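Structural overview
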Amino acid sequence: MQRIEHHTSHDGHQEVWQHTSATLNCEMKFAVYLPPAALQGKKCPVLYWLSGLTCTEQNFITKAGAQGYAAEHGIIVVAPDTSPRGDDVANDAAYDLGQGAGFYLNATQPPWAQHYCMHDYVVEELPALIEANFPASDARAISGHSMGGHGALTIALRNPGRYRSVSAFSPIVAPSQAPWGEKAFSAYLGNDREAWKQYDAVELVKTATERLPLLVDQGGADEFLANQLKPELLRDACRAANHPLRLNIREGYDHSYYFIASFIGEHFAHHARALA
C-alpha cells in the first residue's frame, strides 16, 4: 500500500491510500479517516461508506462533513472508490455503466467479470486490509448514498452477522425495477432476472435471516425519487416481511451532498449505538 494523501481534521487524520487489488485485478484507492482515539492506539470500529454513480473516494470525505462525527464517536471511516479503474478495465461512455458505476456486485458477464467484483472487494478484501494495517476492530457498520445506498443495503442483507448496523441515503432500493439498475444488471449479470434478485434489497428483505434494522433517509425533492429510487417498494417489502425499517422522507431535500451533510450526524449516532 502507498499513502497518497494525508490531512489533519478534527484532531484525527484523513488519508487516501492506493493498493493493488487481487479481487478487482487493478490499482484501487480508498479513503480512511482515523479518529483521535485510533491515533492514541485504541482499536476502533469501522464504518464503510459506499458512494454513488460517478463518484470516487473523494466525494464523501470532502463534502459530507463526516470527520467531526467520526472523531466524536471514535469511528474509523473507510470510503473506497466506486468501481475498478484503469486503462485495461472495461468501460462505457455513459455515466451509469462501467468505471464509476460498479453497483457493488460481482459481474458474471464479459467483459465486466474480469474486474467488476465490488461486492467481494467491499465485503472481504478491503476489511481484511483495513484490519491488518490500521487500529481497527472487527466491529463493522456500512452506509452509502444512491448506488452506494443500494450497495450498503444489499451487502448487509447478503452477509448476516458481518455488520452491526446499516443505513442509506437515497438508495436504489429495487434496481430490478429501476432504469439505472436494469441497464447495469443486464450488462453485468446478463438477462436472467432471477440472478438480479441477489443484488436487490427489496427481494433480499423477503428472505433475510437477520433482522438488522434499516435506516433510510430520502429527500422529498429528489429528482430521481419517482422513477429510480422508489423507497415505497422497500417500505412495503419490510412491512410484509416484518423487517425493521426507519424511513425518513426529508421534505425539500434533493439528491446532493447538501442533503447528506444535513443528516450525516444522525446516521453516525445510529451506527455508534450499534458499534458501542
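As a convention, each chain's residues are numbered from 1 in the sequence order in which they are written. The predicted origin of the model limits local features to residues at a pLDDT of at least 70 and limits the giving and counting of side-chain atom pairs to 80 or more, whereas totals for whole chains, interfaces and linings rest on all residues. With hydrogens and water set aside, each side-chain value is computed from the structure's full complement of heavy atoms.

Let's shift gears to the nonpolar core. If you look at soluble globular proteins, the nonpolar side chains tend to sit buried side by side. Among buried residues, those of type Ala, Val, Leu, Ile, Met, Phe, Trp, Tyr and Cys that are joined through side-chain atoms within 4.5 Å constitute a nonpolar core. Buried, partly exposed and exposed residues are distinguished by accessible area as a fraction of the type maximum, computed with a 1.4 Å probe on protein chains only: under 20%, between the cut-offs, and over 50%, respectively. Grouped together as the largest cluster of nonpolar side chains are 70 residues, with contacts concentrated most on F30, F103, I142 and Y188. The biggest single contributor to this core is helix α4 (residues 118–133), with 7 residues. In what follows, residue pairs with any heavy atoms lying within 4.5 Å of each other are defined as contacts. Sequence-distant contacts of F103, defined by excluding residues within four places in its chain, comprise L53, D96, M147, H150, I172, W180, G181, A184, F185 and Y188. Residues A31, I61, A66 and V77 belong to the second largest nonpolar core, which totals 25 residues. Secondary structure elements are defined from DSSP: runs of H or I of at least 4 residues count as helices, runs of E of at least 2 residues count as strands, and each element is numbered from the N terminus.

A few words now on the pairing of strand β4 (residues 44–50). As a general feature of sheets, a regular strand has side chains that alternate between the two faces. The element β4 is largely enclosed, with a buried count of 7 among its 7 residues. Two strands qualify as a pair provided that DSSP identifies no fewer than 2 bridges between them. Here 6 bridges tie β4 to strand β6 (residues 136–144), and the two strands are oriented parallel to one another. Note on β6: the bridge partner recorded for L50 is G144.

A few words on helix α10 (residues 231–241). What α10 keeps buried is the set P231, L234, A237, C238 and A241. Seen from one end, α10 has its buried residues packed into an arc of 125 degrees, which puts them on one side. In α10, the exposed positions angled more than 90 degrees off the buried face are occupied by R239 and A240. On its buried face, α10 sits against α5 (147–158), α8 (201–207), β8 (214–219), α9 (225–229) and β9 (245–250). With its phi angle positive at about 55 degrees, N242 sits one or two positions after the end of α10. Here the arc refers to the set of directions running from the helix axis out to each C-beta atom.

Time to look at the environment of I249. Position of I249 among the secondary structure elements: in strand β9. A residue is classified by how much of its surface remains accessible, and I249, at 39% relative accessible area, is partly exposed. Note: C-alpha distance between I249 and P231 (18 residues apart in sequence) is 9.2 Å. Not counting residues within four places of it along the chain, the set of residues in contact with I249 comprises Q218, G220 and P231.

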